[in-house]
Amino acid sequence: MFDWRAVHDELVAIAAKRGSLDAEEARWLREAERVEVWKRFGTVGALDYMERVLGYAPHTAAERLRVARALGELPAIEGALAGGELHQSAVREVSRIATRETEDEWLDAIRGKSLRLVEELVAGKRRGDRPGDPAREDARMHRVTFELSADVYARLRDARARLADEHGRRLDDDALVSALCESVFGDRGGSEPSGRAKFQIAVSVCPTCDHATQDGGGRAIAIDDASLERARCDAQHVGSIDGDEPERARQDIPPAVVRFVWRRGHGKCQAPGCRSARGLEVHHLVRRADGGDHSPANLVLLCSACHLAHHRGHLRLDGGSSHVGRDSAEDQLVHESANHAQQRHGPAEDAPSHVGREVVLKARDALETLGYARETARDAVELAVGQLRDNASLEQVLREALRSLAVPNRVA
């Protein structure tokens, strides 16, 4: 018989070992992505490999992989997990918010706290926020659980796979549900638009603080600044709803201009690498706040997923015309992507007789940072390297890769 102290000590030791194993697994998952280990097992990607070979459920696999990637930029938190100071569940929550600059503060804030307290601490925070920053209702994530029958679950998995192929990247839960909602509220892929403003969903904006809420099933739900900015790209304004009489509605972009932009874009998302013809929205390349207007030259067609990703800072689209792949935008994309890759990996090694491996790896990393799927980035870089001369620089490889990616989406 063991007394309670011995039982407690054994359980604590097991928990510490589990944390060490979780940290070790995270490191190996990052390495598995680097060497693309899944190809050796006939699986289609890292998540498929984790489900089929490692036995993880789909959501668990996605979360484990997300945390592993995040910990690659959070060495202190990964060390605390490996040392048994933190549990995987706490690391899972804080890895959504912490950055290299804020991880020490978050580590101090969550040490010794239960998962419930950690969840309360990160609720309403955005990536880069500090523990002492005030929580924002529009940043709070809403957890939703469904119980699905086998056939519906199979259809959902198939829908997710098709959407990932259509967008050129795996959609997270938020983008997935948004895309599914588009099939109910949005236009049908390929259908001719009426030119009427996309956002007929009721969004209320406070004239004093610019705080916005969106009506949803009889409830006013706070939305973030990115969602509001996206809605304002193509909205119909009904004025104040506090008066006795309705005001005359006005639409920012004339219907004829919307139809022109839609036809010019051939009814498809113009973001490089995306082929979606569903949930299309009009986007301003130069923001109204920065002097942009509603002329066709400043408008481009984006799917809802790419549009929201851009406004949230996950997908970069620059330039002053509807031609998303225009050289001025391409120059900035190449320059900023190359700088990011250099900062992350350091200077490339000299390659006197070929395009160096370091250049290839940095180019892939830069394209993934721009939002391209890993396989898409790899293929584009391989194609670019095959078309360039020896000793090509990182920026030359990126420029050629971006051109090949942008071709299907350019306006004729």
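Residues numbered from 1 in each chain as written. Predicted model: local features only at pLDDT ≥ 70, side-chain atom pairs only at ≥ 80, totals over all residues. Heavy atoms only, no water.

**Details of the overall build of the protein chain**
Next up, step 1: Each helix and strand in the protein chain was counted, giving 16 helices and 7 strands.
Next up, step 2: Sorting the 412 residues of the protein chain into buried and exposed places 41% on the buried side.
Next up, step 3: Counting contacts in the protein chain only where the partners sit at least 6 residues apart, residues at least 24 apart contribute 60% of the total.
Next up, step 4: As displayed, the protein chain has an accessible area near 23,500 Å², and 52% of this comes from carbon and sulfur atoms. (Helix = DSSP H or I, 4+ residues; strand = E, 2+ residues; numbered from the N terminus. Buried < 20%, exposed > 50% of the residue type's maximum accessible area, 1.4 Å probe, protein only. Contact = heavy atoms within 4.5 Å. Areas by Shrake-Rupley, 256 points an atom, 1.4 Å probe, with all protein chains shown as cover.)

**Things to note about helix α12 (residues 304–311)**
Helical periodicity: at 3.6 residues per turn, an α-helix aligns residues three or four positions apart in one direction.
Next up, step 1: Taken across its 8 residues, α12 has 8 buried, putting it largely inside the fold.
Next up, step 2: All of the buried residues in α12 are Ser304, Ala305, Cys306, His307, Leu308, Ala309, His310 and His311.

**Topic: the nonpolar core**
Next up, step 1: One finds Leu71, Ile77, Leu86, Val91 and Trp106 to be the most contacted residues of the largest nonpolar core, which totals 29 residues.
Next up, step 2: Taken together, the elements giving at least two residues each to this core come down to α1 (4–35), α2 (46–52), α3 (58–71), α4 (75–82), α5 (88–94), α6 (103–110) and α7 (115–122).
Next up, step 3: A total of 6 residues in this core trace back to one element, the largest contributor, which is α3.
Next up, step 4: Look past the residues within four positions of Leu86 in its chain and what remains in contact with it is Ile77, Ala80, Leu81, Val91, Leu107 and Ile110.
Next up, step 5: If you look at the next biggest cluster of nonpolar residues, it comprises 15 residues, including Ala363, Ala392, Leu394 and Val397. (Core = buried A, V, L, I, M, F, W, Y, C linked by side-chain atoms within 4.5 Å.)

**Some points on unusual backbone geometry**
Of all residues except glycine, most have a negative phi; of all peptide bonds, most are trans.
Next up, step 1: A positive phi angle is found at Glu36, which is not glycine, with a value near 55°.
Next up, step 2: One can find Glu36 in the loop between α1 and α2.
Next up, step 3: A positive phi angle, near 60°, is found at His266, a position not held by glycine.
Next up, step 4: Note on placement: His266 falls in the loop between α11 (255–264) and β6 (280–284).

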